[in-house]
Each structure stands twice: as C-alpha cells, then as structure tokens.
Amino acid sequence: MTHPTPRPGITPEQQALLKKLPAVDHILELAGKTTELSDVPRRLLTDSVRNCLDRLRKTIINGRPMVSETDISDNAVLREVKNILKSAMALNLTRAINATGVVVHTNLGRSLLAKAALAHMTDISGRYSNLEYNLATGRRGLRYTAVEDILCELTGAEAAMVVNNNAGAVLLSLDTVARGREVIVSRGELVEIGGAFRIPDVMEKSGAILKEVGTTNRTHLPDYQQAICEHTGLLLKVHTSNYSIVGFTASISLTELVNLGSAHGLPVMEDLGSGTFVDFSKYGLQREPTVRESVSTGADIVTFSGDKLLGGPQAGIIVGSRPIIEKIRKNPLTRALRIDKLTLAALESTLRLYRDEKTAISAIPTLRMLTDPVETIEKKAITLKTRIETGGSEKISVCLKDAASKAGGGSLPLFELPTKCVAVSIAGMSAAAIEIAMRNNTPPVIGRIENDLFLLDLRTVQDDELTEIVDALETCVTKG
Ligand SMILES: *Cc1c(COP(=O)(O)O)cnc(C)c1O
C-alpha cells in the first residue's frame, strides 16, 4: 500500500489537502496580530476559526466544490473567518424597507412609531421614572395611570387598562368575567388571526366555555336569546377584522347585543381587533367602527390592539365600565400580561397625538400612510424612478405601475388603496431573483411580485429610504 487512506473513498489529493489545513492555534495566533480581529472576544474568535476549518474539512471530504491549496492558505482562512465573524456580530433583528404596500405588516413589525413616541421611549428607558410611583403621595402608584385618563378622554369610557397585546387583553377579560361560565358568540365571528390566535382557543385557555350560535354566514337575535341560560356569563362580539363574509349574511348589531345583555343582566364584550379613534370613511377609506362608538353603544368591555390601525406600540387596550376594569386589574393574570415601560411610554405619547385628529393623521406614520393621497405616492414613485434611471446601471429598467396597497394587520380586509409602484426589471435576472437579492440586501428591501414583475410599492416606503433602494438595486446588478 503506497497511499494509506484512513478514510475510504478519499483520494490522495484530498488527503494531502486535509494534511495542509492550518491548525486552529496557528490561525488564532495570526488573528491576534490582525488589527481588525484583535478586539474580537476570544471565545467567539476561537469558535469562528473552528467553524471555518470544519467547513473546509467537510468540503474537502465531499470533494465539492473543489478546494484548492489557495483556498486553505492562511490568508484565505483568515478572510473567511472575518466573514463568519461579520455575520455573527451583525444583529439578528434588523430594520427593513417595506415596499410591499401593506401598511400594518405584521411580519415587518406592524406600526412605525411617531417621533414623539420614540423620544418619550428613549427618555423613559435611559432614566428612572415614576412608572409605579405616585409623585403626589410619595407612595406606590399604578403603571396604568399613565394612560388611563387619555384613554377615557379619547373613547368616552369610564375606565381603562392596558396589557402586553390584544390577545392578552381578550384572554384576561374572558378569564375575569367568564371563567367557568358560558360565553355566547356567533359562529361567523370565531376568527383565527395570523400566528394561530384563534378565538375558541383563547376562550378555552381562559376557562370560559364557548357557546356558538347561528351559522357561519347568518346569526340572528333569537339565536342569542335561545342560548342564554343560567350558565351564561358573557355576550361576546368579535370584529371579524381580517376577513369579510359577503353575500347572504346576517349578524346582529352591537346595539341589539347590548339591549339583550341588559334585559338579562349580562355583560357584553366587543373585541374590536384593530380598534381606531378615527373614522376612516372621512378619508375615503372603508368605514371601521371606532372605539368611541362601541363604548357609547354600551359595551361593558371593549378590547383592541395598540399597533394595528392605532399606529402605536404592541399593546392590548381594554376600556369599559369601571367595576369590570377594577375586577380585571385584580386578576393575577394581569401580572403575567403586564405592559412594559417602554411600550407604556410609546403608547402614552401616541395617544396624546389623537387629541387633534389632524396632528394624529400627519404625525402617526400608520395613519399618514393609510391616508396619503395617490398623488403624494406618485411623486415619490417618480423621484425613485428618475434616480434609478439617472444614477443606476443600464441593465436596470423601470416603469410606473398602478396597483393596490392594503391596510394589513387584519384590518379593512377587502379595501384596496390605489397606489403607485415602481416596476423593476434587470437584464438577465428573473423577477424572483430580484426579489431574493433585494430581500438579502442590507438593509433588506421587501417588495412584491405581480404578473411576473418585481414591484416596489411607494406607499410604505419612507422618504429617506429612496437612496438605499437605488443602492440595493445597484448591488443586485453587481452580484446578480
Ligand atoms: C389582531 C386581533 C387580535 C390580536 O391582537 P394582538 O394585538 O395582535 O394580540 C385579537 N382579536 C382580533 C379580532 C384581532 O383582529
């Protein structure tokens, strides 16, 4: 045997390469002398070097892709270690450019906070605060105090309370009011919201017993009436915010449900899902019930999200009658669903903006993007198109396209907002390839493909992101 091979199936060339692979200690020593690497925490550096050499060893054994002697030279290994470290050091949670046109995009972080909210958050997080301290008495206070007054002012409710998110608000309300009792809800309202939040499941977790009435498309007052018995604890209405049943449909209004509740001495709860303080029909959008309307109709509990149409931070808001809100506050679950102080700060500032609707529309990004007239979006689209044409590669061609944006976040399900998109083609690249390359850019640019064209919807693109988009397309051309 002239070439003893410890691994069967390995050629003498592969064997030689494996032998030539630098040792971990050798690379670590070199790294110590490299200025860019000398500050890297030791364990991370060692892991990266091991990782790099392991990968090279596996590639050599696999025989694919071919590894040459230059690939395993000290310089090549060091370069690769730097790459590995670069991605290890990069933050996993990264900002992204939303060019999908979906305003409340749950996967992309839902609502952008208003400047005032960001400033308040920074102020509160870097300092001590009166989070749970009553400055007037010098004693312990309640964190909800920060937002209760403004919530009552904006919604007309007697009392208010906030938790981590609306799923938590629903769970906490049901647990407080209807644990071990029946909750009557229409079959047409047993919704699932993205991320596997299903009303029936939440109800089960809360210990309330679901009593479905009616059919998927039609539920009438007698359906509710007949279901009421001595076990009934609550009448629930869920705003079917992420889908619409059209055609032969019937459901009862909140007014009818409230009347039924008072006739039987039963509390009524409405889960509004998105929740809004603004009547969007004034701005040419689809009408959504406002929180104030639900409260004035007489719902005892109204729950909604902080970061959907409201445009604030992730939060669950509960407004309603004082005795019920007091009871909810005493529920031990409240502690587990507690709102964080950063959220509270952002929420308070966002809510303040609603005192003047015009201010709210212009200062809260979600509201501004939803109500931006198509002319404003077109201007932005033309600017982007021109910048790509004048500064960009000749391989890129762009044109404007009329399209439709969506509100998202399970709100205004059928409503399409007219918008302007920049359609991008790159010579030698498919729409799918452009989409992938843009998504892998730093920062990621998320667009959409329609009729085999890669579209950038300018409704959700911020003014200061245009340059980054032009740069991202350039990178696509050079890399693609
Ligand atoms: C979105 C939604 C929820 C959940 O709200 P989160 O704030 O995402 O927890 C609950 N109910 C309805 C009807 C919704 O639309």
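Not measured: the values here are computed from a predicted model.

(A) Spotlight on the packing of aromatic side chains. Counted according to the given criterion, the structure contains two aromatic pairs. Aromatic pair Phe-277 and Phe-304: ring centres 5.9 Å apart, planes at 80°, arrangement edge-to-face. Taken together, the residues span a long stretch of sequence, with Phe-277 in the loop between strand E11 (268-273) and helix H12 (291-297) and Phe-304 in strand E12 (residues 301-305) at a distance of 27 residues. Just as Phe-277 is buried, Phe-304 falls in that class too. An aromatic cluster of at least three residues, connected via ring pairs, comprises Phe-277, Phe-304 and Tyr-354.

(B) Seen up close, the sheet that holds strand E5 (residues 159-163). Ordered by their spatial adjacency, seven strands build an open sheet running E5-E13-E12-E11-E10-E6-E9, and the pairing between neighbours is mixed. Looking at the sheet topology across the chains shown, the edges are occupied by E5 and strand E9 (209-213). Within the sheet, the average angular offset between the axes of one strand and its neighbour, ignoring direction, is 25°. With five bridges joining them, E5 and strand E13 (residues 316-320) adopt antiparallel strand pairing. Across the sheet, residue Ala-160 finds its bridge partner in E13, namely Val-319. Against the sheet, helix H9 (residues 199-206) contacts strand E6 (182-186), E9, strand E10 (232-238) and E11, and its axis sits at roughly 145° relative to E9. Its contacts with the sheet put helix H11 (residues 254-264) on E10 and E11, and the angle it makes with E10 is roughly 175°.

(C) Broad picture of the pairing of strand E18 (residues 453-457). For E18, a buried count of four out of five residues is recorded, marking the element as mostly surrounded by other parts of the structure. Here three bridges tie strand E17 (residues 448-450) to E18, and the two strands are oriented antiparallel to one another. The residue of E18 that forms the bridge with Ile-449 is Phe-454. If you look at the hairpin formed by E17 and E18, you'll find two residues sitting between the two strands, and Asn-451 has a positive phi there, around 50°.

Calculation notes
- Residues numbered from 1 in each chain as written.
- Predicted model: local features only at pLDDT ≥ 70, side-chain atom pairs only at ≥ 80, totals over all residues.
- Heavy atoms only, no water.
- Phe/Tyr/Trp six-rings, centres within 6.5 Å; stacked < 30°, edge-to-face > 60°.
- Helix = DSSP H or I, 4+ residues; strand = E, 2+ residues; numbered from the N terminus.
- Buried < 20%, exposed > 50% of the residue type's maximum accessible area, 1.4 Å probe, protein only.
- Pairing = 2+ DSSP bridges.
- Axes fitted to C-alpha atoms, helices over the stretch in contact; angles between N-to-C directions.
- Contact = heavy atoms within 4.5 Å.

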